[in-house]
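Descriptive analysis of the structure
Given next are the chains, with one letter for each unit.
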Amino acid sequence: MIGLISATAAGAAARDRLAAAWPDRTRVYEGPAGEAVRTAFAECEQLVCFLATGATVRLLAPLLAGKTADPGVVCVDEGGRFAVSLLGGHGGGANELAREVGGLLGAEPVVTTATDAVGLAGLDTLGLPCEGAVAAVSRALLDGEPVALVQESAWPLPPLPVAPRGSYTIRLTDRDVEPAEREVLLRPPSLVVGVGASRGAPVDEVLGLVEETLREAGLSPRSVAELATVDAKSEEPGILGAAERLGVPVVTYSAGELAAVEVPNPSAAPLAAVGTPSVAEAAALLGGGELLVPKRKSGASPAMATCAVVRRPGRGRLAVIGLGPGARDLLTPRATAELRRASVLVGLDQYVDQIRDLLRPGTRVLESGLGAEEERARTAVEQARRGHAVALIGSGDAGVYAMASPALAEASDDIDVIGVPGVTAALAAAAILGAPLGHDHVSISLSDLHTPWEVIERRVRAAAEADLVVTFYNPRSRGRDWQLPKALGILAEHRAPATPVGVVRNASRPDGSSRVTTLAGLDPASVDMMTVVTVGNTATRTVAGRMVTPRGYRWQSGQPRETEEAR
């Protein structure tokens, strides 16, 4: 919950805007500011104070307990000009909250955390438990000193400006080791503990077995991702209590699923009790991985708990990102976040140049020229399979004549794939032209590099006969100048010469241009590969110089307009 505190009418107005926008996330604290801050500090994970920073600091000072315990605090000034991340920038989430508040209120977010100021990923913001010399290693990264990254297993980390060797070290490990003087340990959630338990097994017996097993195997409990068991034990108090104290979820599987897993130590007892010859080993192994600790029993007499430990490899991450038509303000916030999340970027060189300034230090860029789409797709998938966090970029929307299709054709279920939508060229052009896509429409690429012309022509003819608005991608190039006249001729068999046609070049870019002409008036020689051509249907009209396609044909015949709400 986010506590909101204000002291003046202007602050209360901004506070109420935030409360109205986030009704489920916020709580307004009325009364004197000091009392409100004290109450909210004790009750909320984050605070937004519409107060002067000096006053807020004085109110907060007696309440501070420590970096890991204090809530994140953002200060918004009386004029609503700045949203200052004041306390708990990383651990309390105040840096991100300042950006959110700033976006909502039109205020400039002010983030002074050193790593954020220079675009570095903070070691305590990577989503992994960390321990050791976080401040010293972070300072070394900021100062440009060589910091080595040692990954004992592959994991899709965000970008870090690391070196092969250095006097400082970031070590990714699930082993139970102590950090060296100049070392930070990152704990990946790589361990799955399979657990079996008799009915009524005490929490202390289950938890004690798990902790003892990890300790003797030299494994860190901070890398345990989950406790896994059979679904017949989903409500077993001993298992649920152990998971709660470890701070991990309980994942359950059916007896049939577990019975299908080959294990080294099957037993007749669980087969008779719950229908599978193995619970602990099978539950741990079901998601794949290496069995580090075979089934072992607790030391009680009789033993009421068993466990086994498996190490699962980190799954690589592939974000397929649409950059939009080129204008920075049409690049989505999600795309920006994924670009900054990726440690490896794969893309066409001219698209990489568009967003190079958004990349964090340490991002490895693999760029290539035109005509290497399949190679880029294979490279991105290969890098993800090596355990990296990869971004594969394309213009517009990555799924529309772009990189998503070849990439997903290469990818299998051994990596995580995240699709990030973008504003397509057709949509960007349509917004400039007016509302040409107000009714059913289709996009067709006229490039026959990957599709035979016979197929393209059949699709154009079908669109013409169906009276669809048509957006042509890749309409004309130096070596391919006859396809557009041919396609326009097919449409002309079904549409009047005066049918509106929109021509948009470099939509949304500084050198962009647009015009509305007609099917008879369009000169194909004025079109190139950077142009999108939109041909209206028989109902499309030009109104005040803009293309408009009505939402229903009956609108043109004087019949009453039926609204979406009426339907």
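This write-up is about the structure you can find in this document. Just so it is clear, the model here is predicted, and its values are computed rather than measured.

Put simply, Ser 301 and Pro 302 share a cis peptide bond, and its omega is 0 degrees. At Asn 474, a position not held by glycine, the phi torsion is positive, near 45 degrees. Considering the arrangement of structural elements, one finds Asn 474 in the loop between strand 23 (469-473) and helix 18 (483-492). For Asn 474, a relative accessible area of 23% puts it in the partly exposed group.

By the criterion of burial, strand 4 (residues 72-76) is predominantly enclosed, with five of the five residues buried. The parallel pair strand 3 (residues 46-50) and strand 4, bridged by helix 3 (residues 53-60), forms a crossover whose chirality is right-handed. Note: strand 4 against strand 5 (residues 82-87), four bridges, orientation antiparallel. By the bridge assignment for strand 5, Val 73 is matched with Leu 87. Connecting strand 4 to the next strand, strand 5, in antiparallel fashion are five residues, including Gly 80 with a positive phi near 70 degrees.

Moving on, we get to the sheet that holds strand 18 (residues 364-368). Across the sheet, five strands lie side by side as 18-17-19-16-20; this open sheet has parallel pairing. Because the sheet does not close on itself, it has two edges, and the strands there are strand 18 and strand 20 (416-420). Across the sheet, the mean angle separating the axes of adjacent strands is 15 degrees when strand polarity is ignored. Pairing between strand 16 (residues 317-322) and strand 19 (residues 389-394): six bridges, direction parallel. Counterpart to Arg 317 in the pairing with strand 19 is Ala 389.

Turning to the packing of helix 17 (residues 453-465) against helix 18, a few remarks are in order. Contact geometry of helix 17 with helix 18 gives a least axis separation of 9 Å together with a crossing angle of 30 degrees. In terms of their interaxial angle, helix 17 and helix 18 are classed as roughly parallel. Crossing geometry of helix 17 relative to helix 18 is assigned as right-handed. Listed contacts from helix 18 to Trp 453, Glu 457, Val 460, Arg 461 and Ala 464 of helix 17 are Gln 483, Lys 486, Ala 487, Ile 490 and Leu 491.

Rules behind the numbers
- Residues numbered from 1 in each chain as written.
- Predicted model: local features only at pLDDT ≥ 70, side-chain atom pairs only at ≥ 80, totals over all residues.
- Heavy atoms only, no water.
- Helix = DSSP H or I, 4+ residues; strand = E, 2+ residues; numbered from the N terminus.
- Buried < 20%, exposed > 50% of the residue type's maximum accessible area, 1.4 Å probe, protein only.
- Right-handed = clockwise from strand over helix to strand, strands pointing away.
- Pairing = 2+ DSSP bridges.
- Axes fitted to C-alpha atoms, helices over the stretch in contact; angles between N-to-C directions.
- Parallel < 35°, antiparallel > 145°, perpendicular 65-115°, else oblique.
- Left-handed = near helix turned anticlockwise from the far one by under 90°.
- Contact = heavy atoms within 4.5 Å.

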